[in-house]
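Breakdown of the fold
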Amino acid sequence: MIHLMKDFPDNVLGITAEGKVTGTDYETVLIPAIEDKLKRNKKISILYHIGANFSGFELSAMLDDAKTGMTNLFAWYKCALVSDNHLINASVKFFGHIIPCEVRVFKNSELEEAKKWIIEN
(Lines give C-alpha, C1' and ligand atoms only; values in the text may rest on other atoms or scores of the structure.)
Protein backbone atom coordinates (compact mmCIF):
# COMPACT_ATOMS: atom_id res chain seq x y z
CA MET A 1 0.00 0.00 0.00
CA ILE A 2 1.16 3.54 -0.76
CA HIS A 3 0.48 6.42 1.61
CA LEU A 4 1.06 10.10 0.89
CA MET A 5 3.30 11.92 3.37
CA LYS A 6 2.25 15.31 4.69
CA ASP A 7 4.00 18.62 5.37
CA PHE A 8 6.00 18.99 2.16
CA PRO A 9 6.14 22.06 -0.11
CA ASP A 10 3.76 21.99 -3.08
CA ASN A 11 6.56 20.96 -5.46
CA VAL A 12 7.53 17.90 -3.39
CA LEU A 13 5.69 14.60 -3.20
CA GLY A 14 6.47 12.26 -0.33
CA ILE A 15 5.18 8.70 -0.27
CA THR A 16 5.63 5.65 1.92
CA ALA A 17 5.26 2.09 0.63
CA GLU A 18 4.23 -0.53 3.20
CA GLY A 19 3.17 -4.14 2.74
CA LYS A 20 2.52 -5.24 -0.83
CA VAL A 21 2.42 -2.39 -3.38
CA THR A 22 -0.10 -2.98 -6.15
CA GLY A 23 -0.89 -1.49 -9.52
CA THR A 24 -4.07 -0.16 -7.94
CA ASP A 25 -1.93 1.79 -5.44
CA TYR A 26 -0.19 3.47 -8.36
CA GLU A 27 -3.40 4.11 -10.28
CA THR A 28 -5.43 5.48 -7.34
CA VAL A 29 -2.79 7.16 -5.16
CA LEU A 30 0.60 7.81 -6.74
CA ILE A 31 -0.23 8.71 -10.34
CA PRO A 32 -3.07 11.10 -9.40
CA ALA A 33 -0.80 12.77 -6.80
CA ILE A 34 1.95 13.25 -9.41
CA GLU A 35 -0.51 14.61 -11.97
CA ASP A 36 -1.98 16.98 -9.38
CA LYS A 37 1.47 18.36 -8.47
CA LEU A 38 2.44 18.76 -12.13
CA LYS A 39 -0.67 20.88 -12.79
CA ARG A 40 0.86 23.53 -10.50
CA ASN A 41 4.59 22.92 -10.91
CA LYS A 42 6.78 22.54 -13.99
CA LYS A 43 9.12 20.20 -12.09
CA ILE A 44 8.59 18.25 -8.89
CA SER A 45 10.72 16.29 -6.47
CA ILE A 46 9.76 12.95 -4.99
CA LEU A 47 10.73 11.17 -1.80
CA TYR A 48 9.89 7.47 -2.05
CA HIS A 49 10.14 5.76 1.34
CA ILE A 50 10.14 1.97 1.40
CA GLY A 51 8.94 1.25 4.94
CA ALA A 52 10.11 -1.50 7.26
CA ASN A 53 6.91 -3.50 6.61
CA PHE A 54 7.34 -3.43 2.81
CA SER A 55 6.87 -6.91 1.35
CA GLY A 56 7.23 -6.30 -2.39
CA PHE A 57 5.72 -4.99 -5.60
CA GLU A 58 3.12 -6.67 -7.75
CA LEU A 59 4.19 -6.88 -11.39
CA SER A 60 1.53 -4.32 -12.34
CA ALA A 61 3.03 -1.88 -9.81
CA MET A 62 6.52 -2.32 -11.28
CA LEU A 63 5.15 -1.69 -14.78
CA ASP A 64 3.23 1.39 -13.60
CA ASP A 65 6.38 2.63 -11.84
CA ALA A 66 8.47 2.37 -15.00
CA LYS A 67 5.72 3.91 -17.13
CA THR A 68 5.20 6.80 -14.69
CA GLY A 69 8.91 7.52 -14.47
CA MET A 70 9.39 7.50 -18.24
CA THR A 71 6.21 9.48 -19.00
CA ASN A 72 7.37 12.23 -16.66
CA LEU A 73 11.10 11.80 -17.30
CA PHE A 74 11.87 15.52 -17.53
CA ALA A 75 9.39 16.57 -14.81
CA TRP A 76 11.64 15.46 -11.95
CA TYR A 77 13.83 17.96 -10.11
CA LYS A 78 15.15 15.61 -7.41
CA CYS A 79 14.41 12.03 -6.39
CA ALA A 80 15.16 10.50 -3.00
CA LEU A 81 14.74 6.84 -2.20
CA VAL A 82 14.67 5.86 1.47
CA SER A 83 15.03 2.13 1.93
CA ASP A 84 16.92 -0.66 3.63
CA ASN A 85 16.25 -3.03 0.72
CA HIS A 86 19.70 -3.63 -0.79
CA LEU A 87 18.40 -4.75 -4.20
CA ILE A 88 16.11 -1.74 -4.62
CA ASN A 89 18.85 0.64 -3.40
CA ALA A 90 21.41 -0.82 -5.82
CA SER A 91 18.93 -0.61 -8.72
CA VAL A 92 18.15 3.03 -8.01
CA LYS A 93 21.84 3.88 -7.70
CA PHE A 94 22.51 2.16 -11.05
CA PHE A 95 19.58 3.68 -12.96
CA GLY A 96 19.95 7.03 -11.20
CA HIS A 97 22.80 7.82 -13.57
CA ILE A 98 20.48 7.84 -16.57
CA ILE A 99 17.66 9.85 -14.99
CA PRO A 100 17.96 13.56 -15.82
CA CYS A 101 17.64 14.71 -12.21
CA GLU A 102 19.58 14.47 -9.00
CA VAL A 103 19.01 11.10 -7.30
CA ARG A 104 20.07 10.09 -3.80
CA VAL A 105 19.54 6.91 -1.80
CA PHE A 106 19.12 6.98 1.97
CA LYS A 107 18.69 4.26 4.59
CA ASN A 108 15.50 4.18 6.67
CA SER A 109 17.47 5.54 9.63
CA GLU A 110 18.20 8.62 7.45
CA LEU A 111 14.57 9.48 6.66
CA GLU A 112 14.75 12.89 8.34
CA GLU A 113 17.95 13.72 6.43
CA ALA A 114 16.23 12.69 3.18
CA LYS A 115 13.27 14.96 3.96
CA LYS A 116 15.60 17.90 4.51
CA TRP A 117 17.53 17.17 1.32
CA ILE A 118 14.45 16.77 -0.89
CA ILE A 119 13.05 20.21 0.05
CA GLU A 120 16.34 22.08 -0.50
CA ASN A 121 16.57 24.06 -3.74
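To keep things clear, this report deals only with the structure shown in the data block. (Residues numbered from 1 in each chain as written. Predicted model: local features only at pLDDT ≥ 70, side-chain atom pairs only at ≥ 80, totals over all residues. Heavy atoms only, no water.)

This part takes up the sheet that holds strand β4 (residues 76-82). Pairing is mixed in the open sheet, where five strands are placed in the order β1-β2-β3-β4-β5. With partners counted over all chains shown, the strands left at the sheet margins are β1 (2-4) and β5 (102-106), one partner each. Averaged over all pairs of adjacent strands, the angle between their axes in this sheet comes to 20 degrees, without regard to strand direction. Relative to β4, strand β3 (residues 44-57) runs parallel, the two sharing five bridges. Bridge pairing in β4 places Y48 opposite L81. (Pairing = 2+ DSSP bridges. Helix = DSSP H or I, 4+ residues; strand = E, 2+ residues; numbered from the N terminus. Axes fitted to C-alpha atoms, helices over the stretch in contact; angles between N-to-C directions.)

Once that is clear, we can look at a nonpolar patch on the surface. A contiguous nonpolar patch, built from L59, M62 and L63 and spanning about 320 Å² of accessible area, is present on the exposed surface. Position of L59 among the secondary structure elements: in helix α2 (residues 59-71). (Patch = residues over 30% accessible without salt bridge, like charges linked within 9 Å, V, L, I, M, F, W, Y side chains within 5 Å. Areas by Shrake-Rupley, 256 points an atom, 1.4 Å probe, with all protein chains shown as cover. Salt bridge = Lys/Arg side-chain N within 4 Å of Asp/Glu carboxyl O.)

Attention now goes to the layout of surface pockets. Estimated volume of the largest pocket: approximately 960 Å³. Lining the largest pocket are 29 residues; nearest its centre among them are D65, A66, V92, F95 and I99. Breaking the lining of the largest pocket down by element, the ones donating at least two residues are α1 (23-40), β3, α2, β4 and α3 (86-95). Along the lines of polarity and charge, the residues of the lining of the largest pocket split into 23 nonpolar, five polar and one charged. (1 Å grid on protein atoms, 1.4 Å probe; cavity = no way out; pocket = protein on both sides within 12 Å on 5 of 7 lines; lining within 4 Å. Points joined across faces, edges and corners; volume = space filled by probe spheres on them. Nonpolar A, V, L, I, M, F, W, Y, C, P; charged D, E, K, R; others polar.)

Of all seven residues that make up β4, six are buried, and the element is covered over most of its length. Sheet analysis places β4 next to β5, joined by five bridges and oriented parallel. In the strand pairing of β5, A80 is matched with R104. Following the backbone out of β4, through α3 and into the adjacent parallel β5, one traces a crossover that is right-handed. (Buried < 20%, exposed > 50% of the residue type's maximum accessible area, 1.4 Å probe, protein only. Right-handed = clockwise from strand over helix to strand, strands pointing away.)

It is worth spelling out the pairing of strand β2 (residues 12-21) at this point. Along β2, seven of the 10 residues are buried, which leaves the element largely enclosed by surrounding structure. The pairing of β2 with β3 spans nine bridges and is classified as parallel. Within β3, the position partnered with L13 by the bridge is I46. After leaving β2, the chain enters α1 and then returns to the sheet as β3, a path that is right-handed.

With 21 residues, the main nonpolar core has I2, L13, V21, Y26, L30, Y48 and W76 as its most contacted residues. Counting only elements with at least two residues in this core, the list comes to β2, α1, β3 and β4. Listed in part, the 11 residues of the second largest apolar core include L47, V82, A114 and I118. (Core = buried A, V, L, I, M, F, W, Y, C linked by side-chain atoms within 4.5 Å.)

Within the structure shown, the criterion is met by three aromatic pairs. Ring centres 5.0 Å apart and planes at 85 degrees place the aromatic pair F94 and F95 in the edge-to-face group. Arranged with centres 6.0 Å apart and planes meeting at 50 degrees, the rings of F106 and W117 form a pair that is tilted. With F106 in strand β5 and W117 in helix α4 (residues 111-119), this pair connects stretches of sequence that are 11 residues apart. (Phe/Tyr/Trp six-rings, centres within 6.5 Å; stacked < 30°, edge-to-face > 60°.)

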